[in-house]
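# A look at the structure
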Amino acid sequence: MKLAFSLSMALAAALITAQAHAAINVFACEPEWAALTKEIGGDKVSVYQATTALQDPHRIEARPSLIARMRSADLLVCSGADLEVGWLPVLLHTSGNEKVQGGQPGSFMASEFVSRLEVPSAVDRAQGDIHPFGNPHIHLDARNILRVAQALGERLTKVDSSNSAYYQQRTKEFDARWSKAISEWEARAAPLKGMKLVPYHKDQAYLIHWLGLVEEMNIEPKPGIPPSAGHLTELLVKLKEEPADAITRNAYQDPKAVEWLSDRTKIPGVTLPYTVGGTPEAKDLFSLFDDTIARLLKAKKPA
Amino acid sequence: MFQQAIRVCAIALACALCTAARAQSNNELEEIRNQIRALKDAYESRIQALEKRLKAAEDAAATQKAAAEEAQGAQQAAAAAQAAAATAPPPAAASAGSQNAFNPAISLILMGRYANYSQDPTTRTMTGFLSNSNESDALGPRGFSLGESEVTMSANVDHLFYGQATFAVGPDNNTVDVEEAFAQTTSLGHGFTFKAGRFFSGIGYNNSVHAHAWDFEDPSLVQRAFLGNNYSDDGVQLVWIAPLPVYVELGAELGRGANPPGSNTDKNGIGSSTLFAHIGDDIGTGGSYRFGVSTLRTSTNASGTSIVDIDDRTGTNSPYVGDTRLYGVDFVYKWAPDGNTKYQNFKLIAEWFMTRRDGTLLFNENSAGVPEAAEAFKLHESGWYVQGVYQFHPEWRVGLRYDQLTEGTWQAGPVATAGGVTRPEFTPWRYSAMIDWNPSEFSRIRLQFNQDRSQIGLVDNQVFVQYVYSLGTHGAHKF
């Protein structure tokens, strides 16, 4: 009975794969890289997005479905820098897929192509779950997207050389559109310069660096450690002494702490999309930045 | 004094590099030096930080042409200097993995506990069941005790293989146990992974989970009775993942049959073999499951495996010689709201095992009047457990488990029957409740209560307080 089920599943899948053979299979760890791969790869790639904007990328289960998708991937596109250290190694070791192992052309780690912020000079877990290779949340500096897009375009031509002209063309087009968008965003975000943020986790660092904002402190006492009541009270005292402009969280982070602080300090609490799909407005990479800046501008508006 | 020396060195190094660096880089270094001077009086500590950054910038200037070009771009000199000082150089690809240069990734597990048993653990048994490991050893001592200290090292061997070893240092007798030591392929492709060495078998679900990652302090009764906690063997394993959008895994292992339920088979060829199959997928956005079936076949050597006091009455210590087959079904379901496990998640695990033994039981003459004899013996028994663990807060989890061993059938010969070796009508069971506090991903402190009714006529109330700490490499856990 089970055997019959498995066989029929196998048959169905074989048919599906035969039909979809034209496109190369891309396993994207996070929504931002799934979106970027679609921008560059167009209809020559079939992208599987492993996580959603509602999931903390540090804490993903190495689910059977992910192993199954990793098995058939031609290209792996992830943040790297240990963001996925809690789950990606399991997928790689159990997938039996040689193409996506570290060092292979099929393994693309976006953080290798940009300058990373906050690389610690010494690592000690007493500082929380810090990342020894620097802050891995690189995509919120829009200039990094440009660098990664360039590298990804090159990688796609390597992995799927028969479509190299197509990928080069699309990279070029994306580059032009994105460069234009960067100048627009920078102009639009000019009033945000010096805006003081209290993000939940250190995952807005690149946005802050790019747009010249200021990270006052984080809601987490240490990276990866949820805030205790005592820590929140401390934050409250500090924020009353020296108010910030906004307290921010991503869609997958606990809203209660932000609401609690926002209610008591009257500092606006802002939910930022963080990645594609994090808010209803952030439908693709372009609208992700549109929405992020719009939400910050709204919070900045003098009361 | 030391700080002064560092500063001198940093500036000297900067000057040395100045000549080589481009004009832009000169400006950049000059800028940073100016900043340092300006801040010197007021911010001694900040100077130190800037010096580090300066050094990073110098390294970047010297080794990373790309970084220099980038700095030369549209940005102004000051801005560029600030950017270069604040960011790390784009690293070489090799440094961005999770392993430290060529050293294996190392993790150390520290475990310890306080145990309170209402019955003496040294005289405890599981009535009617062939407890392969000595039950009193399995329960461990009362009071404070150190658990296993585990060291795991792993790395890619080369472009073809990956290797991993786990050494468990026992708390007593200073024994070091090689729990696992294997190499596996990374490059076979087509979904195949081949493994050789000593490893936890892929049968069932919890069998391949190391003790530190269990959801309860102790293993289930079935694991204890049928698998010696974690069934492992020296041998080879081949696993294949089907090229399907749903997870289908098929695996087979061949081994020496070194460990219970077999005993070192002491022969050429194959001493044990297993087969397993798993299927799994997501259910909605937050749930996922894995279902599996597995079987193990092994046998004992001529001197058999010891069956300690099988019916708890006769005091027989009767070696069993023959074959053992084990069949298992396992199911895991995990759920988290939107699949975001950080704040809340739920895990349900259920496993069922059945074992059949077909061989010879050797009776020693004993006080109960059983004469010395060897006669045919068949045994058929099973057991199961179900457990649920709910993480209701990022730091807190609660769990419940119910365990049962189900008395099956046994066929003993006339000597045993005449001697009164009978199987008592008894179903061993136990329930467990636990709560654990996880202040980070790397530490866990657990309180657990068991009511253990696995020995006829006894109720053993057990309380454990346990700690589990993970040091070193960030572990990645299987589903």
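Note that the structure is a prediction, hence the values are computed from the model and not measured.

### Focus: the overall build of chain B
Summing up its helical and strand segments, chain B has eight helices and 18 strands in all. Taken across its 479 residues, chain B has 38% of its residues classed as buried. Sequence separation of 24 or more characterises 62% of the internal contacts of chain B that already satisfy a separation of 6 or more.

### Here's the deal with the overall build of chain A
Counting its regular elements, chain A contains ten helices and eight strands. Relative to the globule expectation of 19 Å for 303 residues, the C-alpha radius of gyration of chain A, 21 Å, shows essentially globular dimensions. Put simply, chain A has 303 residues, and 53% of those count as buried. Across chain A, every contact between residues at least 6 apart in sequence was considered, and the portion connecting residues at least 24 apart equals 62%.

### Regarding the interface of chain A and chain B
Every contact between the two is made by 54 residues of chain A and, on the other side, 53 residues of chain B. Per-class residue counts for the side of chain A that touches chain B are 22 nonpolar, 20 polar and twelve charged.

### A short note on the confidence of the model for chain A
Per-residue confidence for chain A averages 90 on the pLDDT scale, and 92% of its residues sit at or above 70. Least confident of the elements in chain A is helix α1 (residues 2-19) of chain A, whose mean pLDDT is 53; most confident is strand β3 (residues 75-78) of chain A, at 97.

### Describing the sheet that holds strand β2 (residues 45-49) of chain A
Strand pairing in a sheet takes place through backbone hydrogen bonds and is either antiparallel or parallel in direction. Residues and elements named next belong to chain A. Taken together, four strands build an open sheet; the order of strands is β2-β1-β3-β4 and the sheet is parallel. Both outer strands of the open sheet, β2 and β4 (107-109), are each paired with one neighbouring strand and no more. Averaged over all adjacent pairs, the angle separating strand axes in this sheet is 20°, with direction ignored. Summarising the sheet, β3 and β4 pair through three bridges and their orientation is parallel. Looking across to β4, one finds that Cys78 is bridged to Met109.

### Quick look at the sheet that holds strand β8 (residues 269-272) of chain A
Residues and elements named next belong to chain A. A sheet is described by the order of its strands in space; here four strands give the open sequence β6-β5-β7-β8, paired in parallel fashion. Each edge of the open sheet is held by one strand with a lone partner, namely β6 (214-215) and β8. Here three bridges tie strand β5 (residues 196-199) to strand β7 (residues 246-250), and the two strands are oriented parallel to one another. Counted as the bridge partner of Leu197 is Ala246 from β7. Packing of helix α9 (residues 255-265) onto the sheet brings it into contact with β7 and β8, and relative to β7 it is tilted by some 170°. Packing of helix α10 (residues 285-300) onto the sheet brings it into contact with β7 and β8, and relative to β8 it is tilted by some 175°.

### So, the packing of helix α2 (residues 31-41) of chain A against helix α5 (residues 142-159) of chain A
All names here are of chain A. Orientation of α2 relative to α5, taken along the N-to-C sense of each, is 55°, at an axis distance of 10 Å. On the basis of the axis angle, α2 is oblique to α5. Every pair of crossing elements has a handedness; the one defined by α2 and α5 is right-handed. Residues Leu36, Thr37, Ile40 and Gly41 of α2 lie in contact with α5, whose contacting residues are Ile145, Val148, Ala149, Leu152, Gly153 and Leu156. The class makeup of the residues in the contact of α2 with α5 is seven nonpolar, three polar and no charged.

### A closer look at the packing of helix α3 (residues 64-71) of chain A against helix α4 (residues 88-95) of chain A
Residue and element names in this part refer to chain A. Taken N-terminus to C-terminus, the directions of α3 and α4 make an angle of 55°; their axes are 9 Å apart at the nearest point. In terms of orientation, α3 lies oblique with respect to α4. As α3 runs across α4, the sense of the crossing is right-handed. When α3 is examined against α4, the residues Leu66, Ile67, Met70 and Arg71 are found in contact with a partner set consisting of Leu91, Thr94 and Ser95. Taken together, the residues of the contact of α3 with α4 sort by class into four nonpolar, two polar and one charged.

### Looking at the environment of Thr298 of chain B
Residue and element names in this part refer to chain B. Tracing the sequence through the fold places Thr298 in strand β10 (residues 287-299). We classify Thr298 as buried; it has 25 C-beta atoms within 10 Å. Measuring from C-alpha to C-alpha, the distance between Thr298 and Leu254 comes to 10.0 Å, with 44 residues separating the pair along the chain. Once residues lying within four places of it in the same chain are set aside, the contact partners of Thr298 are Gly257, Pro261, Gly262, Gly271, Ser272 and Thr324.

### Thoughts on the environment of Ser187 of chain B
Within the secondary structure, Ser187 of chain B is located in the loop between β5 (176-185) and β6 (192-200). Once the C-alpha coordinates of Ser187 of chain B and Leu160 of chain B are considered, the two residues, 27 residues apart in sequence, prove to be 5.3 Å apart. Excluding residues within four positions of it along the chain, Ser187 of chain B makes contact with Glu98 of chain A together with His159 and Leu160 of chain B.

### Some details on α4 of chain A
A large share of α4 of chain A lies buried, amounting to eight of its eight residues. Among the residues of α4 of chain A, Leu88, Pro89, Val90, Leu91, Leu92, His93, Thr94 and Ser95 of chain A are the ones counted as buried. In this structure, the buried residues of α4 of chain A make contact with α3 and β3 of chain A together with β4 (161-169), β6 and β7 (232-241) of chain B. Phi turns positive, to about 65°, at Gly96 of chain A, one or two residues after α4 of chain A.

### Points about the nonpolar core
Ranked by size, the top nonpolar core spans 94 residues in total, and within it Leu36, Val77, Leu91 and Ala110 of chain A carry the most contacts. Looking at this core, the element that brings in the most residues is α5 of chain A, giving seven residues. With near-sequence residues (within four places) excluded, Ala110 of chain A lies in contact with Trp33, Val77, Cys78, Ser79, Gly80, Ile138 and Val148 of chain A. By size, the runner-up hydrophobic cluster in this structure holds 15 residues, among which are Leu221, Phe276, Leu296 and Leu405 of chain B.

### Here's the deal with the confidence of the model for chain B
Caution applies to low-pLDDT parts of the model: their predicted coordinates are not meant to be read in detail. Residues and elements named next belong to chain B. Overall, the prediction assigns chain B a mean pLDDT of 79, with 72% of residues at 70 or greater. Taken as a whole, residues 8-24 scores under 50 in pLDDT and shows 22 contacts with residues more than four places along the chain or in a different chain. In the predicted structure, residues 64-96 sits below a pLDDT of 50 and forms 64 contacts with residues beyond four places in sequence or in another chain. Two numbers describe this predicted complex: its pTM, 0.81, and its ipTM, 0.87.

### What to know about the pairing of strand β1 (residues 24-28) of chain A
Residues and elements named next belong to chain A. Among the five residues in β1, four count as buried, and that is most of the element. With five bridges joining them, β1 and β2 adopt parallel strand pairing. What sits directly across from Phe27, in β2, is Tyr48. Summarising the sheet, β1 and β3 pair through three bridges and their orientation is parallel. The residue of β3 that forms the bridge with Ala28 is Val77.

### Quick notes on unusual backbone geometry
Positive phi outside glycine occurs at Asp82 of chain A, with the angle close to 70°. Backbone geometry places His190 of chain B, a non-glycine residue, at a positive phi of 55°. As for its placement among the helices and strands, His190 of chain B is situated in the loop between β5 and β6. In this structure His190 of chain B comes out as exposed when scored by C-beta crowding, with 11 C-beta atoms within 10 Å.

### Description of the environment of Lys347 of chain B
Inspection of the secondary structure puts Lys347 of chain B in strand β13 (residues 345-363). The residues contacting Lys347 of chain B, other than those within four sequence positions of it, are Lys334, Gly388 and Val389 of chain B.

Calculation rules
Residue positions are counted from 1 within each chain, in the order its sequence is given. Here the convention is simple: chains get letters from A, ligands get numbers from 1, in the order in which they are written. Predicted model: local features are reported for residues with pLDDT of at least 70 only, side-chain atom pairs are reported and counted for 80 or more only, and whole-chain, interface and lining totals are derived from all residues. By definition, any uninterrupted DSSP run of H or I lasting at least four residues is a helix, any uninterrupted run of E lasting at least two residues is a strand, and each is numbered from the N terminus. The exposure label follows from counting other C-beta atoms within 10 Å of a residue's C-beta, where the C-beta atoms are placed from the backbone and the thresholds are 20 or more for buried and 12 or fewer for exposed, leaving partly exposed in between. Whether two residues are in contact depends on their C-beta atoms, placed from the backbone: they are in contact if these lie within 7 Å. C-alpha atoms define the radius of gyration in this analysis, and the globule rule sets the expected value at 2.2 Å times the number of residues to the power 0.38. Classification used: nonpolar for Ala, Val, Leu, Ile, Met, Phe, Trp, Tyr, Cys and Pro, charged for Asp, Glu, Lys and Arg, polar for all others including Gly. What pLDDT conveys is the predictor's confidence in a given residue, as a value from 0 to 100. The rule for pairing is simple: two strands pair if DSSP sees at least two bridges between them. Inter-axis angles, ranging from 0 to 180 degrees, are taken between N-to-C directions of lines fitted to C-alpha atoms, where helices are fitted over the stretch in contact. Orientation labels follow simple angle bins: below 35 degrees gives roughly parallel, above 145 gives roughly antiparallel, 65 to 115 gives roughly perpendicular, and whatever is left gives oblique. Definitions for this section: a left-handed crossing has its near helix turned counterclockwise from the far helix by less than a right angle. A right-handed crossing has that turn clockwise. Throughout this description, the term nonpolar core refers to a group of buried Ala, Val, Leu, Ile, Met, Phe, Trp, Tyr and Cys residues whose C-beta atoms join them within 7 Å.

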